[in-house]
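Structural description and commentary
Each chain is listed here by its residues.
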Amino acid sequence: MTLQSQTSLIALILCVFSRLLTAIYYIEDPDSLRFALSTVDYDVAHLQPHFPAYPVFCWLVKTIMLLVGSYAVAFAVVGGLMTWVIMLSLLAIARESLISRRGLVIAGLVFFNPMVWLMGNRYMPDVTGLACLLGSYYLLTNGRRPVLGGFLAGLLAGIRLSYMPFAVLPWIRTVWVSRLNRSQVLGASALGVIVWVVPLIGITGWSELVEAAHVQVAGHFVEFGGTVVTEPDWSTRFSKLSEGIVADGLGLYWTHRHIATALAGITLVVVVLPVLSGLVKEVIKDPFWRIQLASWGIYLLWVFFGQNVIHKSRHVLPLIPLILLIIVQAAFIDSKARRIRQLAFVLFVTAHSYITLNLVAQHKGPSAIYQVKQHLADMNAPDLHVVTVPLIEYYLASQSVEATYIVIEGGDLSQLDQIPTGSLVVSIGSPIDFSDRQLKSRKIFYHNPYVNRMWPEIDIYEY
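Residues numbered from 1 in each chain as written. Predicted model: local features only at pLDDT ≥ 70, side-chain atom pairs only at ≥ 80, totals over all residues. Heavy atoms only, no water.

**Details of the pattern of salt bridges**
Under the criterion given, the structure shown has 12 salt bridges. Where Arg 95 meets Asp 286, a salt bridge forms, and the shortest distance between an N and an O atom there is 2.7 Å. Linking Arg 95 in the loop between α4 (71-94) and α5 (101-111) with Asp 286 in the loop between α14 (276-285) and α15 (287-306), this pair joins segments that are 191 residues apart in sequence. Linking Asp 126 and Arg 314 is a salt bridge whose minimum nitrogen-to-oxygen distance equals 3.5 Å. Of this pair, Asp 126 sits in helix α7 (residues 126-141) while Arg 314 is found in the loop between α15 and α16 (320-331), placing the two residues 188 residues apart along the sequence. Assigned by exposure class, Asp 126 and Arg 314 land together as buried. (Salt bridge = Lys/Arg side-chain N within 4 Å of Asp/Glu carboxyl O. Helix = DSSP H or I, 4+ residues; strand = E, 2+ residues; numbered from the N terminus. Buried < 20%, exposed > 50% of the residue type's maximum accessible area, 1.4 Å probe, protein only.)

As structure tokens, then:
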């Protein structure tokens, strides 16, 4: 076995072992719940998971779960494997060997990236989607195996459909310029779609799948999806998108974050800023860099207008690898302040690793909504009435929290009159002005929002 192969094997073992070591054994939010349920009963019509169904990812996790006997372990194993694939794909895109100095730095930044690690442990398809995207991107742009790249592009639609805008430009470029392989690339792309679409139709049914697609697509873009249609404040979208990239994606400083994130940000500026002009000139000259920048820009526009960047920072994940490559490129550019910049880079990597390890340690603790779930279950009250919104009701009821649920939508409080006198009432999220009940207690449940953006602080009110 060559040194390259040995190093790659060690990287694989480290990726899988680290994700297993930090695996989570609780349902941290409703999105994770849907994917966890899909490993038990894959049912798109019942939103397990919701459309676009993510069949390739769900079937991969379920296959591993049948081998290991635990969906938590299966998700962690997939996360570790796909982190390794991301590492190798990014090295290939950068045209670096894993055993080179630059290669080891790239691998280290991928390994310790906070969003890659956290999403690798979450019950979500994002890291698997990124691995397929980068693999497809490399194969389509390097010109050696474009047919396989086309197949992976088709497969990507069955893993993380929302990542497709990043792959559109290299796919079009390959099909447009390739005379010998055009038909093969088109055929391979179609095959990549067919291998998951046909079984999905067989499992779900054509009419049921079309109905699920119609409801979810319409809902995503004009009702609940957090797009620019439903969240039209551009300044908020820009601020949250920036925070998602800088704070969540790179682990750098944002308001009220730990001082280590400020150290990481300052040292990174010292590394990049002195060579920024030269770096820009170098990047612009390279046609492969230009393709990456154009694809990055297309995806950036897509998530800004078409994704829920305000409440779910994970949508920025495909934007992170290119930034990591630029950081490494800057770190190895020679300059007058080379020693200072090298020291700054060492400090950045140290602070960056410390931040990520702290975040993944916190991730093993329960999320705010899971703490609420445990609190309600521990109350063991036979006359418990829970007043909440539909998504929280779905989360609690799906995990067998016994209660009578009063679901509030659109400010309609008429159902509150039906609660029997003497019953224990818990309102989740906001207080209720009862005319005949007194507030007994208020409890606050919290988790670090940079671990999971969804519902980091939840108040419950007991009457």
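**Regarding the environment of Asp 29**
With respect to the secondary-structure elements, Asp 29 resides in the loop between α1 (3-21) and α2 (30-40). Look at Asp 29 and you get buried, because its relative accessible area is 0%. Those residues within four positions of Asp 29 in sequence are excluded, and the remaining contacts are Arg 122, Ile 369, Tyr 395, Asn 452 and Met 454. A polar atom in the side chain of Asp 29 sits 3.3 Å from the backbone nitrogen of Asp 31. (Contact = heavy atoms within 4.5 Å. Polar contact = N/O pair within 3.5 Å; in protein donor to acceptor, adjacent residues only side chain to side chain.)

**Re the packing of aromatic side chains**
The relative placement of two aromatic rings is captured by the distance of their centres and the angle of their planes. The full count for this structure, using the stated rule, is 19 aromatic pairs. Centroid distance Phe 221 to Trp 302: 6.3 Å. Interplanar angle 55°. Geometry classified as tilted. Separated by 81 residues along the polypeptide, Phe 221 in helix α11 (residues 206-222) and Trp 302 in helix α15 bring together distant segments of the chain. The class for Phe 221 is partly exposed, based on a relative accessible area of 34%. Between Phe 345 and Phe 348, the aromatic rings sit 6.1 Å apart at their centres with planes inclined by 35°, giving tilted as the arrangement. In this pair, Phe 345 and Phe 348 both sit in helix α17 (residues 338-363), three residues apart, roughly one turn of the helix. For Phe 345, a relative accessible area of 12% puts it in the buried group. Take Phe 348: its relative accessible area is 2%, and that puts it in the buried class. (Phe/Tyr/Trp six-rings, centres within 6.5 Å; stacked < 30°, edge-to-face > 60°.)

**What about the nonpolar core?**
In terms of nonpolar packing, the biggest core is built from 126 residues, with Leu 376, Leu 396 and Ile 428 touching the most fellow members. Per element, the largest residue contribution to this core is 12 residues, and it comes from α4. When near neighbours in sequence (up to four residues on either side) are disregarded, Leu 376 contacts Leu 384, Val 386, Leu 396, Val 401, Val 426 and Ile 428. Counting residues in hydrophobic clusters, the runner-up holds 10 residues, among them Ile 406, Leu 416, Ile 419 and Tyr 461. (Core = buried A, V, L, I, M, F, W, Y, C linked by side-chain atoms within 4.5 Å.)

**With respect to the sheet that holds strand β5 (residues 457-462)**
Through backbone hydrogen bonds, the strands of a sheet pair up, either in parallel or in antiparallel fashion. If you trace the five strands from one edge of the open sheet to the other, you get β2-β1-β3-β5-β4, paired in mixed fashion. Unpaired on one side and paired on the other, β2 (404-407) and β4 (441-446) mark the two borders of the sheet. Averaged over all pairs of adjacent strands, the angle between strand axes in this sheet comes to 20°, irrespective of strand direction. Examined bridge by bridge, strand β1 (residues 384-388) and β2 share four bridges and lie parallel to one another. Within the sheet, the bridge partner assigned to Val 386 lies in β2 and is Tyr 405. Against the sheet, helix α18 (residues 368-379) contacts β1, β3 (424-428), β4 and β5, and its axis sits at roughly 25° relative to β5. Helix α19 (residues 390-398) contacts β1, β2 and β3 of the sheet and is inclined by roughly 160° relative to β2. (Pairing = 2+ DSSP bridges. Axes fitted to C-alpha atoms, helices over the stretch in contact; angles between N-to-C directions.)

**Notes on unusual backbone geometry**
Put simply, Gln 48 and Pro 49 share a cis peptide bond, and its omega is -5°. Following the sequence through the fold, Pro 49 ends up in the loop between α2 and α3 (55-68). Here Phe 51 and Pro 52 are connected by a cis peptide whose omega angle stands at 20°. Tracing the sequence through the fold places Pro 52 in the loop between α2 and α3. With a phi angle near 65°, Ser 400 is a residue other than glycine that sits in the positive phi range. If you trace the backbone, Ser 400 turns up in the loop between α19 and β2. One non-glycine residue, Trp 455, lies in the positive phi region at around 50°.

**A look at α5**
Every buried residue belonging to α5 is among Gly 103, Val 105, Ile 106, Ala 107, Leu 109, Val 110 and Phe 111, and all of these are buried. Packed against the buried residues of α5 are α1, α4, α6 (114-121), α16 and α17.

**Brief notes about a nonpolar patch on the surface**
Where nonpolar side chains cluster on the molecular surface, the patch consists of Val 269, Leu 273, Leu 276, Val 280, Ile 284 and Leu 293 and spans about 490 Å² of accessible area. You can call Ile 284 partly exposed: its relative accessible area is 45%. (Patch = residues over 30% accessible without salt bridge, like charges linked within 9 Å, V, L, I, M, F, W, Y side chains within 5 Å. Areas by Shrake-Rupley, 256 points an atom, 1.4 Å probe, with all protein chains shown as cover.)

**As for the packing of helix α9 (residues 164-177) against α15**
Each pair of packed helices gets described by two things: the angle between the helix axes and the distance between those axes. Packing of α9 against α15 brings their axes to within 7 Å, and their N-to-C directions diverge by 140°. What the angle tells us is that α9 and α15 run oblique. Like other packed secondary-structure pairs, α9 and α15 cross with a definite hand, here right-handed. Each of Pro 165, Phe 166, Leu 169, Pro 170 and Arg 173 in α9 lies in contact with α15, whose residues at this interface are Ile 291, Gln 292, Ala 294, Ser 295, Trp 296, Ile 298, Tyr 299 and Trp 302. Residues of the contact of α9 with α15, tallied by class, amount to 10 nonpolar, two polar and one charged. (Parallel < 35°, antiparallel > 145°, perpendicular 65-115°, else oblique. Left-handed = near helix turned anticlockwise from the far one by under 90°. Nonpolar A, V, L, I, M, F, W, Y, C, P; charged D, E, K, R; others polar.)

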